[in-house]
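Here is what each chain is made of, one letter per residue.
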Amino acid sequence: MLTLLAYAVLGIFTLGFLRRIWIYARVPAPLVIPTTPAPVTKMGVVFRLFKEVAFFESLFKGDKLAWVGGYAFHGALAVVLIRHARYFCDPLPAFFAHIQIAGILAGIVMVGGLGFLFLRRLLIDRVRYISSPSDYLMLILLLGIGITGLAMTFQFRPDIVAIKEVMSNLFSMSSASLPLASIGDVIFIIHLTLVGLLLVIFPFSKLMHAGGIFFSPTRYQVDNPREVRHVNPWAGKK
Ligand code: HEM
């Protein structure tokens with residue numbers, strides 16, 4: 001049952017994600033609208049997108065508070081997920097053993113960053129005005145995952161050996177059942193359920209900015225309308 005559910009969740013996430021990318025890729029972009037100053041070569045565009053993904057450059061220019069919270073959250077999330085390899089890999093490569101402390105600290109920074117982003121939406125009038133329920137929902141969901149994670153790390157230890165076995169059974173598509181002998185195990189089940197929920201919601205939500213960034217004309221277009229003649233394929237058509 002758990003195995004079926006896990007594969008259903010992964011299936012919805014993967015197909016949903018690919019479907020959205022397919023939709024993004026087919027949306028016409030008939031006008032040249034890069035945000036200037038913009039790169040004038042393709043290599044320049046690659047560099048621009050790299051800065052966007054690695055440093056959230058335009059967010060930094062546009063909104064310093066959102067950048068601080070957003071960068072703390074995303075950077076820490078990356079470290080947390082790398083640390084999570086210990087629940088999936090056996091034997092665990094030595095590298096992962098060395099980043100365990102960094103991973104735990106990252107968990108705290110991640111939850112702190114999310115809390116900061118949440119307060120920003122609640123306390124700044126003009127941000128609250130443009131916030132929709134789903135903006136809050138995403139933050140609450142991620143906070144729920146982070147807080148249950150930290151609760152397991154610092155207070156209610158789950159049966160990590162049993163969890164690792166569940167994960168390896170899921171990978172090999174054999175049947176798996178979750179440990180249920182302590183509060184830590186219950187918190188783990190909540191943690192896992194929230195992660196599943198996040199994966200199912202992901203392709204239908206604003207979290208798709210993770211893929212959408214590469215399909216944003218203002219970012220990926222080369223600023224070359226003086227060198228190249230662009231003709232809108234719709235021009236003259238009724
Ligand atoms: C199938 C996927 C996942 C499993 C099996 C899993 C399992 C766990 C477990 C067992 C812990 C307790 C840490 C310990 O003390 O050993 C933990 C902690 C944590 N998890 Fe997850 N988790 C998963 C996905 C995620 C995701 C997607 C996120 C973030 C969005 C996340 C965020 C955290 C955080 C912030 C902590 C606390 C910091 C840490 O100990 O690394 N987890 N997770």
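Located above this text is the structure these notes cover.
A brief structural summary. Source: prediction; values computed, not measured. (Residues numbered from 1 in each chain as written. Predicted model: local features only at pLDDT ≥ 70, side-chain atom pairs only at ≥ 80, totals over all residues.)

Considerations on the overall build of the protein chain
Here's step 1: Of regular secondary structure, the protein chain possesses 12 helices and zero strands.
Here's step 2: Counting from the amino terminus, helix and strand elements in the protein chain follow one another as α-α-α-α-α-α-α-α-α-α-α-α.
Here's step 3: Projecting the C-alpha coordinates of the protein chain onto the three principal axes gives extents of approximately 70 × 40 × 40 Å.
Here's step 4: Burial analysis of the protein chain (238 residues in total) assigns 12% to the buried set. (Helix = DSSP H or I, 4+ residues; strand = E, 2+ residues; numbered from the N terminus. Buried ≥ 20, exposed ≤ 12 C-beta atoms within 10 Å, placed from the backbone.)

Details of helix H10 (residues 183–201)
Here's step 1: Under the 1.5 Å per step criterion, the end-to-end length of H10 is 27 Å for 19 residues, consistent within 8% with the ideal 27 Å.
Here's step 2: Looking only at H10, the buried set comprises Phe188, His191 and Leu194. Relative to the axis of H10, the buried residues are bounded by an arc of 125 degrees and lie together on one face.
Here's step 3: Those residues of H10 that are buried lie in contact with helix H8 (133–154) and helix H9 (160–171). (Expected span 1.5 Å × (residues − 1). Arc of directions from axis to C-beta. Contact = placed C-beta atoms within 7 Å.)

Things to note about the site of the ligand
Here's step 1: Close contacts around the ligand come from 24 residues, with Gly107, Gly146, Gly149, Met152 and Thr153 the closest.
Here's step 2: Mapped by element, the contributors of at least two residues to the shell around the ligand are helix H4 (64–83), helix H6 (100–123), H8, H9 and H10.
Here's step 3: Across the shell around the ligand, the residue classes break down as 16 nonpolar, seven polar and one charged. (Near = placed C-beta within 6 Å. Nonpolar A, V, L, I, M, F, W, Y, C, P; charged D, E, K, R; others polar.)

Quick notes on the packing of H8 against H10
Here's step 1: Running from N to C, H8 and H10 point in directions that differ by 155 degrees, and their axes come no closer than 9 Å. Taken together, H8 and H10 sit at an angle that is classed as roughly antiparallel. Seen from above, H8 lies across H10 with left-handed handedness. Residues Leu141, Gly144, Ile145, Thr148, Gly149, Ala151 and Met152 of H8 form the contact with H10, whose participating residues are Gly184, Ile187, Phe188, Ile190, His191, Leu194, Val195, Leu197 and Leu198.
Here's step 2: Looking at the contact of H8 with H10 residue by residue, the classes come out as 11 nonpolar, five polar and no charged. (Axes fitted to C-alpha atoms, helices over the stretch in contact; angles between N-to-C directions. Parallel < 35°, antiparallel > 145°, perpendicular 65-115°, else oblique. Left-handed = near helix turned anticlockwise from the far one by under 90°.)

Some remarks on the environment of Ser216
Here's step 1: Mapped onto the secondary structure, Ser216 falls in the loop between helix H11 (209–212) and helix H12 (217–220).
Here's step 2: When the 18 C-beta atoms within 10 Å are taken as the criterion, Ser216 is described as partly exposed.
Here's step 3: Sequence-wise, Ser216 and Ala25 are 191 residues apart; in three dimensions their C-alpha atoms are separated by 9.9 Å.

What to know about the environment of Ile21
Here's step 1: On the secondary structure map, Ile21 appears in helix H1 (residues 2–26).
Here's step 2: Looking at Ile21, the number of C-beta atoms within 10 Å reads 16, which means it is partly exposed.
Here's step 3: Between the C-alpha atoms of Ile21 and Phe188, which are 167 residues apart in sequence, the distance is 32 Å.

As for the nonpolar core
Here's step 1: Counting 12 residues, the largest nonpolar core is built from Phe73, Ala76, Val80, Ala106, Met110, Val111, Leu114, Leu117, Leu139, Leu142, Ile145 and Leu194.
Here's step 2: When contributions to this core are tallied by element, the ones reaching two or more residues are H4, H6 and H8.
Here's step 3: When residues of this core are assigned to their parent elements, the largest contribution, five residues, is made by H6.
Here's step 4: Once residues lying within four places of it in the same chain are set aside, the contact partners of Val111 are Leu143, Gly146, Ile147 and Leu150. (Core = buried A, V, L, I, M, F, W, Y, C linked by C-beta atoms within 7 Å.)

Concerning unusual backbone geometry
Here's step 1: With an omega of -5 degrees, the peptide bond between Thr36 and Pro37 qualifies as cis.
Here's step 2: Tracing the backbone shows Pro37 in the loop between H1 and helix H2 (42–55).
Here's step 3: Put simply, Asp90 and Pro91 share a cis peptide bond, and its omega is 0 degrees.
Here's step 4: With respect to the helices and strands, the residue Pro91 is situated in the loop between H4 and helix H5 (94–98).
Here's step 5: Here the phi dihedral of Phe56 falls at roughly 55 degrees; this positive angle occurs in a residue that is not glycine.
Here's step 6: Checked against the element boundaries, Phe56 lands in the loop between H2 and helix H3 (57–62).
Here's step 7: Given 19 C-beta atoms within a 10 Å radius, Phe56 is considered partly exposed.

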